[in-house]
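Take a look at the letters that make up each chain.
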Amino acid sequence: MIRIIIHGCNGKMGKVVAKLAAENPDFKIVAGVDKNLSPLEFPVYSDLKDVKEEADVVIDFSYHEAVPNLVKAALQKKLPVVIATTGLSEEELNVIKDASKEIPIFKSANMSLGVNILINLVKEAAKILQQDFDIEIIEKHHNMKKDAPSGTALMIADSINQVLNDKKEYVYGRHTKTEQRKTNELGIHAVRGGTIVGEHQVIFAGHDEVITISHSAQSREIFGYGALHAAKFIIGQKPGLYSMEDLVKKG
Ligand SMILES: NC(=O)C1=CN([C@@H]2O[C@H](COP(=O)(O)OP(=O)(O)OC[C@H]3O[C@@H](n4cnc5c(N)ncnc54)[C@H](O)[C@@H]3O)[C@@H](O)[C@H]2O)C=CC1
Ligand SMILES: O=C(O)C1=N[C@H](C(=O)O)C[C@H](O)C1
């Protein structure tokens, strides 16, 4: 049985992970960490360093500012971590990279299998269409989401740039622009409203034709299942920074 600490346990995703784990005898939530100390069916602490229960892994769905402290405590406890939180700054990402020299860390802005398949399709399309098609990304999320654009939109943009040798310059929205679109631009646009779980569209717009590759999350459970799958994967790995690509490769 895998013993898990949920960081961000009182949030929307923390509660989904706890529910899914309770339904599966392979997993047990031994404790939670959150700045909101509302009681749950396991002990809740305000800091990972104070958790007394023994655990095998931490799953994090919290807030970007909370991540460096989480990683430092995980380092002291020598615990593997699954980081799903988005909106991380360069500085926060560097804390993760440094810690991954000593503990295994799995990080993905999107824990669903579908988005990771979308990324593979988009990479292939970008290679083929790069000369004649303009690429733009539109993401849509619920009105409670704090970061924009989504971590997934940025992850998709980075994967396009990876296959196009960093040719694209990201343009966030166009309200400040009063000039024609340049061919090296990659537009990224965020929509917020209602209870939209998460939608990502990658648009390849050519002369008189448009190809759209899209993913629509229809529940938060897809991210929860993905995070539990990642938790199982990261336990026992060597120190390093792992992604969905590593998990998919392993099968
Ligand atoms: N990688 C993925 O597949 C997914 C990632 N996310 C990301 O996960 C994060 C959380 O999402 P939600 O659960 O929807 O948000 P939420 O706002 O419902 O939950 C966040 C929780 O973190 C807690 N928190 C905030 N600051 C904290 C701190 N300093 N220390 C401890 N706890 C703290 C809050 O009290 C709250 O309970 C966001 O960054 C979101 O973008 C969300 C869904 C899927
Ligand atoms: O905040 C969310 O809800 C989500 N955040 C992730 C992101 O920023 O990409 C993943 C998912 O789309 C839901």
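As recorded by an unreviewed UniProt entry, the protein chain carries the name 4-hydroxy-tetrahydrodipicolinate reductase and is attributed to Thermoanaerobacter mathranii subsp. mathranii. One UniProt comment on the protein chain, placed under Function (unreviewed entry), says "Catalyzes the conversion of 4-hydroxy-tetrahydrodipicolinate (HTPA) to tetrahydrodipicolinate."

K.L.:
Even after reading the chapter, I still don't get the nonpolar core, so can you show me in this structure?
P.N.:
Note on soluble globular proteins: their nonpolar side chains tend to be buried together. Grouped together as the largest cluster of nonpolar side chains are 45 residues, with contacts concentrated most on Ile 4, Ile 5, Val 17, Ile 59, Val 82, Ala 227 and Ala 231. When residues of this core are assigned to their parent elements, the largest contribution, seven residues, is made by helix 6 (residues 221-234). Beyond its immediate sequence surroundings of up to four residues, Ile 4 is in contact with Ala 21, Phe 27, Lys 28, Ile 29, Val 30, Ala 55, Val 57, Ile 59 and Ala 231. Grouped together as the second largest cluster of nonpolar side chains are 17 residues, Val 115, Ile 119, Val 122 and Ala 126 included.

K.L.:
How should the site of ligand 2 be read in this particular structure?
P.N.:
Residues in contact with ligand 2, as listed here, are Thr 86, Ala 109, Asn 110, His 141, Lys 145, Ser 150, Gly 151, Thr 152, Gly 198 and Ala 217. Tallied by class, the residues present in the shell around ligand 2 amount to two nonpolar, seven polar and one charged. No fewer than three residues from each of domain 1 (2-111 + 220-250) and domain 2 (113-217) sit in the shell around ligand 2.

K.L.:
Would you mind showing me how to read the domain arrangement of the protein chain here?
P.N.:
Entries for the protein chain in the domain assignment read domain 1 (2-111 + 220-250) and domain 2 (113-217). The C-alpha centroid of domain 2 is placed 27 Å from the C-alpha centroid of domain 1. Residue-level contacts link nine residues of domain 1 with 12 residues of domain 2. If you list the elements that add at least two residues to the side of domain 1 that touches domain 2, you get helix 6 and helix 7 (244-250).

K.L.:
What am I meant to see in the site of ligand 1 here?
P.N.:
Near ligand 1 lie 26 residues; those nearest to it are Gly 8, Gly 11, Met 13, Ala 66 and Ala 84. With three residues, the single largest contributor to the shell around ligand 1 is helix 1 (residues 12-22). Here the residues of the shell around ligand 1 sort into nine nonpolar, 12 polar and five charged.

K.L.:
Honestly, the UniProt feature "binding site: (S)-2,3,4,5-tetrahydrodipicolinate" (unreviewed entry) in the protein chain in this entry has me stumped. Any pointers?
P.N.:
UniProt annotation of "binding site: (S)-2,3,4,5-tetrahydrodipicolinate" (unreviewed entry) refers to His 142, Gly 151 and Thr 152 when read in the numbering used here. In this structure, His 142 sits in the loop between strand 7 (134-141) and helix 5 (151-163). The partly exposed category is assigned to His 142, around which 14 C-beta atoms lie within 10 Å. What His 142 contacts, discounting residues up to four positions off in sequence, is Gly 194, Thr 195, Ile 196 and Val 197. On the secondary structure map, Gly 151 appears in helix 5.

K.L.:
Hey, could you run me through the pairing of strand 6 (residues 104-107) in this one?
P.N.:
Regular strands place side chains that alternate from one sheet face to the opposite one. A two-sided burial pattern is seen for strand 6, the buried positions comprising Pro 104 and Phe 106 on one face and Ile 105 and Lys 107 on the other. By the bridge criterion, three bridges tie strand 5 (residues 81-83) to strand 6 in an arrangement that is parallel. Looking at strand 6, one finds that Ile 83 is bridged to Lys 107. Crossover handedness for the path strand 5 to helix 3 (residues 90-99) to strand 6: right-handed. The sheet contact formed by strand 6 and strand 12 (residues 240-242) spans three bridges and is parallel. Bridge pairing links Ile 105 to Leu 241 in strand 12.

Scoring rules and cut-offs
- Residues numbered from 1 in each chain as written.
- Chains lettered and ligands numbered in written order.
- Predicted model: local features only at pLDDT ≥ 70, side-chain atom pairs only at ≥ 80, totals over all residues.
- UniProt positions renumbered as here; feature names shortened; annotations may be inferred.
- Core = buried A, V, L, I, M, F, W, Y, C linked by C-beta atoms within 7 Å.
- Buried ≥ 20, exposed ≤ 12 C-beta atoms within 10 Å, placed from the backbone.
- Helix = DSSP H or I, 4+ residues; strand = E, 2+ residues; numbered from the N terminus.
- Contact = placed C-beta atoms within 7 Å.
- Near = placed C-beta within 6 Å.
- Nonpolar A, V, L, I, M, F, W, Y, C, P; charged D, E, K, R; others polar.
- Domains from an automatic or database assignment.
- Pairing = 2+ DSSP bridges.
- Right-handed = clockwise from strand over helix to strand, strands pointing away.

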